[in-house]
Amino acid sequence: MASANSAEAAPEATSGLPAEPRYLPSSVQGAVKILVTGPFGVGKTTLVGSLSEITPLRTEETMTAASSGIDDLTGRGDKTTTTVALDFGRITLNPRLALYLFGTPGQQRFRPLWDDLSRGALGAIAMVDLRRPDESFDVLGRLEEQRIPFAVAVNTFPDTPSYPEDELRSALDLLPEVPILHCDARDRRQSYDLLIDFVDHLHRSSLLELQG
Ligand SMILES: Nc1nc2c(ncn2[C@@H]2O[C@H](COP(=O)(O)OP(=O)(O)OP(=O)(O)O)[C@@H](O)[C@H]2O)c(=O)[nH]1
Ligand SMILES: [Mg+2]
């Protein structure tokens with residue numbers, strides 16, 4: 001059964017980045033739900049962990065021999081666990097607004113959970129691994145079907161190929177208004193920059209009323 005992983009240390013407070021406020025400030029008047037999604041092993045749990053100001057709730061389970069032949073670990077380094085329910089993190093964006101980050105499981109067999117987790121999301125960060133872009137089609141299609149505004153976040157691994165933006169847009173069949181952002185999800189600063197661009201996109205699309 002899934003268990004919350006709270007053993008891991010919370011992210012270090014780094015200069016210019018939020019420290020770790022354990023409790024939601026009383027000034028917060030509203031919260032919005034952001035989905036962090038994408039296919040198996042693309043870096044969703046890593047991104048939620050890099051962004052969250054609280055120790056994230058994780059539901060990681062060890063992948064066993066039973067998943068051999070189902071979970072393709074090629075190019076996924078030393079990955080030994082997979083999300084079986086969700087990742088949950090929080091960011092206080094400004095004194096009045098909090099973002100709740102919901103990371104989805106990546107594997108097809110958890111699809112029913114995906115539908116539940118995506119309900120009510122104001123927007124989604126759709127992570128893509130350009131070493132296997134075809135694996136993202138399913139999630140991108142679902143976001144479009146459910147009319148959840150999203151940005152593509154290319155998670156850069158050492159052997160990630162680079163493509164001109166127009167080629168990428170056409171390969172992923174993205175509408176012109178969908179931003180393509182880049183980050184190394186392990187890097188907190190890069191992850192924050194990505195989040196800022198994403199929120200800015202939602203704001204410019206008149207989908208988010210930022211106050212303060
Ligand atoms: N080089 C590199 N490795 C990364 C990056 N992001 C994640 N990883 C590694 O890739 C692996 C997969 O990361 P996860 O965050 O578990 O991926 P996930 O999308 O949550 O996986 P599932 O929940 O199983 O679908 C881990 O071993 C990470 O350390 C990145 O930006 N660059
Ligand atoms: Mg995960």
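Model, not experiment: these values are computed from the prediction.

Right, let's talk about the site of ligand 1 for a bit. Around ligand 1, the structure places 20 residues, and the nearest of them are Lys-44, Thr-46, Thr-82, Asn-155 and Asp-184. Take Val-42: an N or O atom from its main chain is 3.1 Å from an oxygen atom of ligand 1. Coverage of ligand 1 by the protein chains reaches 88% of its 650 Å² of free accessible surface. Ranked by the residues each element gives to the shell around ligand 1, the list is headed by helix H1 (residues 44-51), at three residues.

For a regular strand, side chains alternate in direction, first toward one face of the sheet and then toward the other. Most of strand S6 (residues 123-128) sits out of view: six of its six residues are buried. Here S6 shows two buried faces, one formed by Gly-123, Ile-125 and Met-127 and the other by Ala-124, Ala-126 and Val-128. In this view, the connection linking S6 to its parallel neighbour strand S7 (residues 150-155) by way of helix H3 (residues 137-145) has right-handed handedness.

Right, let's talk about the packing of aromatic side chains for a bit. On inspection of all chains with the given rule, the structure shows two aromatic pairs. Geometrically, the ring pair formed by Phe-88 and Phe-102 is edge-to-face, given 5.2 Å between the ring centres and 70 degrees between the ring planes. In this pair, Phe-88 is assigned in strand S4 (residues 87-94) and Phe-102 in strand S5 (residues 97-103), connecting sequence segments 14 residues apart. Using a relative accessible area of 23% as the deciding quantity, one classes Phe-88 as partly exposed. Since its relative accessible area comes to 17%, Phe-102 is described here as buried.

Further remarks concern unusual backbone geometry. In terms of backbone geometry, most residues other than glycine have negative phi values and most peptide bonds are trans. Unusually for a residue other than glycine, Arg-147 sits at a positive phi of about 55 degrees. Here Arg-147 is to be found in the loop between H3 and S7.

Quick look at the coordination of the magnesium ion (ligand 2) now. For the magnesium ion (ligand 2), the protein coordination sphere consists of Thr-45 (OG1) and Thr-83 (OG1), at 2.0 to 2.1 Å. Separated by 38 residues along the polypeptide, Thr-45 in helix H1 and Thr-83 in strand S3 (residues 81-83) bring together distant segments of the chain. The burial state of Thr-45 is the same as that of Thr-83; both residues are buried.

Turning next to the pattern of salt bridges. Per the counting criterion, the structure on display carries twelve salt bridges. When the shortest N-O distance is used, the salt bridge between Asp-115 and Arg-111 registers 3.2 Å. Residue Asp-115 and its partner Arg-111 are both found in helix H2 (residues 111-118); the two are separated by four residues, about one turn of the helix. Given the relative accessible area of 23%, Asp-115 is considered partly exposed. For Arg-186, the salt bridge goes to Asp-184, with nearest N and O atoms at 2.6 Å. Its relative accessible area of 62% is what places Arg-186 among the exposed residues. Asp-184 sits in the buried class, given a relative accessible area of 15%. Residues joined by salt bridges that share partners form a network here, namely Asp-129, Arg-131, Arg-132, Glu-135 and Asp-159.

The rules behind each value
- Residues numbered from 1 in each chain as written.
- Chains lettered and ligands numbered in written order.
- Predicted model: local features only at pLDDT ≥ 70, side-chain atom pairs only at ≥ 80, totals over all residues.
- Heavy atoms only, no water.
- Near = heavy atom within 4 Å.
- Polar contact = N/O pair within 3.5 Å; in protein donor to acceptor, adjacent residues only side chain to side chain.
- Areas by Shrake-Rupley, 256 points an atom, 1.4 Å probe, with all protein chains shown as cover.
- Helix = DSSP H or I, 4+ residues; strand = E, 2+ residues; numbered from the N terminus.
- Buried < 20%, exposed > 50% of the residue type's maximum accessible area, 1.4 Å probe, protein only.
- Right-handed = clockwise from strand over helix to strand, strands pointing away.
- Phe/Tyr/Trp six-rings, centres within 6.5 Å; stacked < 30°, edge-to-face > 60°.
- Donors = N, O, S within 2.8 Å, 3.2 Å for Na, K, Ca; no water.
- Salt bridge = Lys/Arg side-chain N within 4 Å of Asp/Glu carboxyl O.

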